[in-house]
Amino acid sequence: MQHSLFEPPELSFAAGAMLLRDFAQTEETDLIAAIEAIAAAAPFRQMVTPGGLTMSVAITNCGAAGWISDRAGYRYSAIDPLSQKTWPAMPEIFTNLANRAAAAAGYAGFMPDACLINRYLPGARMSLHQDRQEKPPDAPVVSISLGLSATFLWGNETRNARPLRLALHHGDAVIWGGPSRLNFHGIAPLKPGTHPMLGDKRYNLTFRKH
Ligand code: SIN
Ligand code: FE2
């Protein structure tokens, strides 16, 4: 989506955190094709939280390890629990995009080894959480949005801060690391809509070093 004329293409919204409008837009076709190829091998599925709730977001992964959740907890696993095989390899266009987005936000040399792919349909949401299964959590997280726009919720290092709300559109990149690395964040319930390439969906790629 074209960013508003009144909004800068780059926004440093917290120490160590940056929003880059349209960063991935020119690669949209290849990125979507890559997501669909990954999902053909490792289908999107709704996982269960340790508390027994089914997540509204459907997820899959690519790379050396994938983020999973079940009654035993949140963790990284080299094996997809559905297929009992390794996750699909991380496509070169993913690694390259994540590396460039991180560098543009001041994190040169980022080499992700895990990519969580989230699929949101209208109503799906992600409640405030920290990304803290990465050991050690020193590399940044790079997030790429595709499809329907969403509201990103950005808190601080405690769960009870009133979050900042940032609109994320197709092609936007968000990077957080350093002093922001363990900040709480989430996605408000996705509003219905129709995206020209993805219809009623939003995809989000989050790249990490696990
Ligand atoms: C996440 O925190 O894993 C997802 C964030 C998003 O969907 O933009
Ligand atoms: Fe997260």
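Details of the structure are given in the entry above.
Residues numbered from 1 in each chain as written. Chains lettered and ligands numbered in written order. Predicted model: local features only at pLDDT ≥ 70, side-chain atom pairs only at ≥ 80, totals over all residues. Heavy atoms only, no water.

(A) Region of the structure containing the overall build of the protein. Tallying secondary structure elements over the protein gives two helices and 13 strands in all. The globule rule puts the C-alpha radius of gyration for 210 residues at 17 Å, and the 16 Å found for the protein is close to it. Each of the three principal axes of the protein carries a C-alpha extent, and together these read 50 × 35 × 35 Å. Residue burial in the protein is summarised as follows: out of 210 residues, 51% are buried. Summed over all atoms, the accessible surface of the protein reaches about 9,600 Å², with 57% contributed by carbon and sulfur. One way to put it: in the protein the 19 positive side-chain charges average out to a point 10 Å from where the 17 negative ones average out. (Helix = DSSP H or I, 4+ residues; strand = E, 2+ residues; numbered from the N terminus. Rg over C-alpha atoms; globule rule 2.2 N^0.38 Å. Buried < 20%, exposed > 50% of the residue type's maximum accessible area, 1.4 Å probe, protein only. Areas by Shrake-Rupley, 256 points an atom, 1.4 Å probe, with all protein chains shown as cover. Lys, Arg positive; Asp, Glu negative; His and termini not counted. Charge placed at Lys NZ, Arg CZ, Asp CG, Glu CD.)

(B) Molecular detail of the nonpolar core. Membership of the largest hydrophobic core comes to 33 residues, with the highest contact counts inside it found for Phe94, Val142 and Phe207. At the level of secondary structure, the elements contributing two or more residues to this core comprise β2 (17–20), α1 (28–41), β3 (58–63), α2 (92–104), β6 (114–120), β8 (141–147), β11 (173–176) and β13 (202–208). Looking at which element gives the most residues to this core, the answer is α1, with six residues. Val142 has contacts with Ala98, Ala101, Ala102, Phe110, Val174, Ile175, Leu205, Thr206 and Phe207, leaving out every residue within four places of it along the chain. (Core = buried A, V, L, I, M, F, W, Y, C linked by side-chain atoms within 4.5 Å. Contact = heavy atoms within 4.5 Å.)

(C) Seen up close, the coordination of the iron ion (ligand 2). Looking at the iron ion (ligand 2), one finds its protein donor set to be His129 (NE2), Asp131 (OD) and His185 (NE2), positioned 2.1 to 2.2 Å from the metal centre. Here the iron ion (ligand 2) binds four donor atoms, and the angle range of 90 to 174° at the metal identifies the geometry as irregular. (Donors = N, O, S within 2.8 Å, 3.2 Å for Na, K, Ca; no water. Tetrahedral: all angles 85-135°; square planar, octahedral: opposite > 155°, others 65-115°.)

(D) Highlighting the pairing of β11. The alternating pattern of β11 places Ala173 and Ile175 and Val174 and Trp176 on opposite faces, both of which are buried. With four bridges connecting them, β2 and β11 associate as antiparallel partners. Bridge pairing links Leu19 to Val174 in β11. With four bridges connecting them, β8 and β11 associate as antiparallel partners. The residue of β11 that forms the bridge with Ile144 is Ala173. (Pairing = 2+ DSSP bridges.)

(E) Region of interest: the site of ligand 1. Contacts to ligand 1 come from Asn118, Tyr120, Met126, His129, His185, Ile187, Arg202, Asn204 and Arg208. Arg202 places a side-chain nitrogen or oxygen 2.9 Å from an oxygen atom of ligand 1. Asn204 is positioned with one of its side-chain polar atoms (N or O) 3.2 Å from an oxygen atom of ligand 1. Burial of ligand 1 by the surrounding chains reaches 99%, relative to a free accessible area of 260 Å². Elements with a minimum of two residues in the shell around ligand 1: β6, β7 (126–129), β12 (185–187) and β13. Tallying contributions element by element places β13 first for the shell around ligand 1, with three residues. Among the residues forming the shell around ligand 1, the class breakdown is three nonpolar, four polar and two charged. (Near = heavy atom within 4 Å. Polar contact = N/O pair within 3.5 Å; in protein donor to acceptor, adjacent residues only side chain to side chain. Nonpolar A, V, L, I, M, F, W, Y, C, P; charged D, E, K, R; others polar.)

(F) Quick peek at the environment of Leu166. Along the chain, Leu166 falls in strand β10 (residues 164–168). Residues Leu166 and Thr151, spaced 15 residues apart in sequence, show a C-alpha to C-alpha distance of 5.5 Å. Discounting residues that sit within four places of it in the chain, Leu166 has contacts with Leu11, Phe13, Ala150, Thr151 and Phe152.

(G) How the structure looks around unusual backbone geometry. The omega angle of the peptide bond from Lys135 to Pro136 is -10°, so this bond is cis rather than trans. For Asp22, which is not glycine, the phi dihedral falls at a positive 65°. Accessibility expressed as a relative area gives 19% for Asp22, which makes it buried. Of note in this structure, Gln84 is not a glycine but carries a positive phi near 65°. Relative to the elements of secondary structure, Gln84 occurs in the loop between β5 (73–77) and α2.

Honestly, it's all geometry; don't read function into it.
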